[in-house]
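Secondary and tertiary structure notes
In case you want the letters, here they are:
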Amino acid sequence: MPELVEARMTTTPPQARPEASGRAPVISARDLSLTYETADGPVHALSHIDLDIRPGEFVSLIGPSGCGKTTLLRVIADLETATGGEITVNGVSPHDARLKRSYGYVFQAPALYPWRTIARNVALPLEIMGFSKAEREERVGRNLDLVNLKGFERKFPWQLSGGMQQRASIARALSFDPDLLLMDEPFGALDEIVRDKLNEQLLRLWDVTGKTVVFVTHSIPEAVFLSTRIVVMSPRPGRIHDIIPCDFPRDRTLEIRETQGFIDIANRVRHGLREGHSYVD
Amino acid sequence: MSTEAASLPRAAAPPRPGVWAGLWEGHALPVVVVSLLIVALWYVGAVAMNADLQRSAFENAGQKTWTTAELVAGTLAQERPRLPAPHQVAEELWKTVVDTAPTSKRSLVYHAGITLSATVLGFLFGSVLGILLAVLIVHVRSLERSLMPWIVASQTIPIVALAPMIVIILNQLDVTGVVPKAAIAAYLSFFPVTVGMVKGLRSPDPLQLDLMRTYSASRLQTFLALRVPSSVPFLFASLKVGVAAALVGTVVAELTQSADGGFGARLLAGSYYGQTVQIWAALFAAALCACLLIAVVAFADRIVLRRMGYTR
Ligand SMILES: Nc1ncnc2c1ncn2[C@@H]1O[C@H](COP(=O)(O)OP(=O)(O)OP(=O)(O)O)[C@@H](O)[C@H]1O
Ligand SMILES: [Mg+2]
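Residues numbered from 1 in each chain as written. Chains lettered and ligands numbered in written order. Predicted model: local features only at pLDDT ≥ 70, side-chain atom pairs only at ≥ 80, totals over all residues. Heavy atoms only, no water.

Looking at an unreviewed UniProt entry, chain B carries the name ABC transporter permease, with the source organism given as Alsobacter ponti. Quoted straight from UniProt, the Sequence similarities (unreviewed entry) entry for chain B says "Belongs to the binding-protein-dependent transport system permease family." Recorded under Subcellular location (unreviewed entry), the UniProt text for chain B is reproduced unchanged: "Cell membrane". (UniProt positions renumbered as here; feature names shortened; annotations may be inferred.)

Here it is as structure tokens:
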């Protein structure tokens, strides 16, 4: 897997890899709430969220539709402003963190610009952030390779399948090498096989680079396989139901899915989800 | 790692039918049928409208009786008919376009040149003005409420009333020649461009805008990398309307500023001397020029949109 070797060269060397403890949290939420005022009355999308995410963690948010997973990610990204409580990203407000370009965001939909080719879509953040042309080309090539889209540089988005478009959007978020990745169901539209493959690649990338990942998913096995911690959320109002530690070795492989430890954690997550659902009126 | 690129089957291009066969199957048949119907109706109308003129012509010439065939033939060959027959207009067009030197004042090519130069100049000015206004309106909230009512009001004033005033005022300021006519053309063509561009610059969806926000892109960067490319299809749609409006504006201005020539001057001279055939020929020539201008814009539209990956 040559692309991983390259990834190693351009990011934090493994010996300097941050450990999951003893460092200031990347994300710290205290009593965080967000209420949307709608025509039909207030919607409590987030309510009393307390969460610390430390450098190098891989945290999955899992929960039924409408429980506020996207909203929480958007608050971290300063795309939405909390109506109560406090939150810091890299020790500063989400607004300041956004201005420092601290995170890469993968949306639930690919959100590629239809008038740009795949290569130019991946280059978009690099253009905005003022990377040189040579640097842009090198990064576009490397990241398209990483998501298995080599050869599609000059295609327009409509010429790619939905899954390929989503992979292009992942390459775009990785292209400027942010330390924090916010991913909203990035693999929701992919088939099982490609999903497994990308899960392994994402895990390897995370292991090698020491990035912090906040990852939204609906899939229990995906959450258990990828995460160091799983945040189970429940709806109305959107809140944290349970936080389940998930300490498999960082260089885990897909085989761990057959182990008893994996199955136990998956069961705990499933149990938590079911309990969360029982609150629903 | 990139086996997928190589092994993914590319959709084979469907076999292309011959250009003419395609045209015939696609659009040509209905177009021909409708055109023939219009020509036929036109002939019926010409006979009906010119019949009593023809009867009095026979009477004045001392002819007491005439056959229907004579009457019909007569209605289609008058020198100053109420409604000229299609072949009379075609003959006049042939005479004034092909048989007359383009430098002559009797040539429609000569007049087309005058009208087109003012139209194109006015269209360019109007489009630039329209785009600038749209950019201002999209970026300065308060301008939408303060500017837009005036822009809309400007288009509610009948141009036939406004054009002579503008031309006369400009003439008194020693602005003559192509500029007053181009000003009227610009006056009519900026409006659709402004409306279309405001819509186009606002067309990015929230997700596309959020993406720019995550990069903490500046307003200028968002404008250049997102709003401008999103607006291009809207721009071309409104340019097509704008270029036709510019031609109308020029012709109306030429009615006032008729000494310089142009289709408007031909229309005026034709109605002054009762030369209906000349009026209709000028009308047709003007319509053909409008079609030509729209075709040029449509061609640019296709090229640009294809290069931007909008068309499949
Ligand atoms: N802009 C908005 N205005 C009003 N209500 C909103 C808005 N965005 C989200 N909501 C509401 O907030 C709640 C949480 O929405 P959110 O998108 O965060 O859910 P989610 O957990 O991401 O769901 P899914 O798994 O379906 O993506 C929902 O009840 C939703 O209707
Ligand atoms: Mg969501």
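1. Remarks on the domain arrangement of chain B
For an interface, size is often stated in terms of accessible area lost upon the parts coming together. Residue and element names in this part refer to chain B. Domain assignment breaks chain B into domain 1 (20-53 + 74-83) and domain 2 (108-307). Every contact between the two is made by 6 residues of domain 1 and, on the other side, 7 residues of domain 2. Across the interface of domain 1 and domain 2, roughly 490 Å² is buried in total on both sides, 56% from carbon and sulfur atoms. Counting the surface domain 1 buries against domain 2, the share from its top three residues, Trp42, Arg80 and Pro81, is 66%. Counting every contact that joins domain 1 to domain 2 gives 0 salt bridges. Linking domain 1 with domain 2 are 1 residue pair in polar contact (both at pLDDT 80 or more), by the criterion used here. For the side of domain 1 that touches domain 2, the residue count by class is 3 nonpolar, no polar and 3 charged. (Domains from an automatic or database assignment. Contact = heavy atoms within 4.5 Å. Buried area = accessible area lost by both parts, 1.4 Å probe. Salt bridge = Lys/Arg side-chain N within 4 Å of Asp/Glu carboxyl O. Polar contact = N/O pair within 3.5 Å; in protein donor to acceptor, adjacent residues only side chain to side chain. Nonpolar A, V, L, I, M, F, W, Y, C, P; charged D, E, K, R; others polar.)

2. Focus on helix H5 (residues 133-146) of chain A
Residues and elements named next belong to chain A. Counted at 1.5 Å a residue, the expected span for H5 with its 14 residues is 20 Å, and the 20 Å between its end C-alpha atoms agrees. Along H5, the positions that sit buried rather than exposed are Arg139, Val140, Arg142, Asn143, Leu144, Asp145 and Leu146. Looking one or two residues beyond H5, the residue adopting positive phi is Asn148, at roughly 70°. (Helix = DSSP H or I, 4+ residues; strand = E, 2+ residues; numbered from the N terminus. Expected span 1.5 Å × (residues − 1). Buried < 20%, exposed > 50% of the residue type's maximum accessible area, 1.4 Å probe, protein only.)

3. Description of the confidence of the model for chain A
Residue and element names in this part refer to chain A. Per-residue confidence for chain A averages 87 on the pLDDT scale, and 91% of its residues sit at or above 70. The weakest mean pLDDT in chain A belongs to helix H1 (residues 2-10) at 42; the strongest belongs to helix H4 (residues 118-128) at 96. Overall, residues 1-21 carries pLDDT values under 50, and its contacts beyond four positions in sequence, including any with other chains, amount to 28 contacts. (pLDDT = per-residue confidence, 0-100.)

4. Thoughts on the site of ligand 1
Residues and elements named next belong to chain A. As a matter of local geometry, ligand 1 sits amid 14 residues, with Ser65, Gly66, Lys69, Thr70 and Thr71 nearest to it. Between ligand 1 and the protein, one listed contact pairs an oxygen atom with a side-chain N or O atom of Lys69 at 2.8 Å. Elements with a minimum of two residues in the shell around ligand 1: strand E1 (27-38), strand E2 (41-53) and helix H2 (69-76). Broken down by element, the shell around ligand 1 gets its largest block of residues, 3 residues, from H2. In the shell around ligand 1, the residues fall into 4 nonpolar, 8 polar and 2 charged. (Near = heavy atom within 4 Å.)

5. Looking at the packing of aromatic side chains
All names here are of chain A. Overall, the coordinates contain 13 aromatic pairs over all chains when judged by the stated rule. For the pair Tyr105 and Phe107, a centre-to-centre distance of 4.4 Å together with 25° between the ring planes defines the contact as stacked. The exposure classification of Tyr105 matches that of Phe107, with both residues buried. Directly above the ring of Trp206 sits Arg250, whose terminal nitrogen or CZ lies 3.9 Å from the centroid. (Phe/Tyr/Trp six-rings, centres within 6.5 Å; stacked < 30°, edge-to-face > 60°. Lys NZ or Arg CZ within 6 Å of the ring centre and 35° of its normal.)

6. Quick look at the coordination of the magnesium ion (ligand 2)
Residue and element names in this part refer to chain A. Taken together, Thr70 (OG1) and Gln108 (OE1) make up the protein donors of the magnesium ion (ligand 2), found 1.9 to 2.6 Å from the metal. With Thr70 in helix H2 and Gln108 in the loop between strand E5 (103-106) and H4, the pair connects residues that are 38 residues apart, well separated along the chain. Here Gln108 falls in the partly exposed class, since its relative accessible area comes to 44%. (Donors = N, O, S within 2.8 Å, 3.2 Å for Na, K, Ca; no water.)

7. A look at the UniProt feature "transmembrane region" (unreviewed entry) in chain B
All names here are of chain B. UniProt tags residues 28-49, 114-138, 150-170, 182-201 and 277-300 as "transmembrane region" (unreviewed entry). Helix and strand shares over residues 114-138 are 100% and 0% respectively, and the end C-alpha atoms of the span are 36 Å apart. The straight-line gap between the two end C-alpha atoms of residues 182-201 is 27 Å; of that span, 100% is helix and 0% is strand.

8. Brief notes about the interface of chain B and chain A
Facing the 27 residues of chain B at the interface are 35 residues of chain A. Note on chain B versus chain A: buried area summed over both sides is about 2900 Å², and carbon and sulfur give 62% of it. Linking chain B with chain A are 2 salt bridges, by the criterion used here. Here Arg213(B) and Asp78(A) are joined by a salt bridge, their closest N and O atoms 3.7 Å apart. The tally of links from chain B across to chain A stands at 8 residue pairs in polar contact (both at pLDDT 80 or more). Counting only elements with at least two residues in the side of chain B that touches chain A, the list comes to helix H1 (3-7), helix H9 (206-214) and helix H10 (219-256) of chain B. Sort the elements by how many residues they give to the side of chain B that touches chain A and H9(B) lands first, with 7 residues. A class-by-class count of the residues in the side of chain B that touches chain A yields 13 nonpolar, 8 polar and 6 charged.

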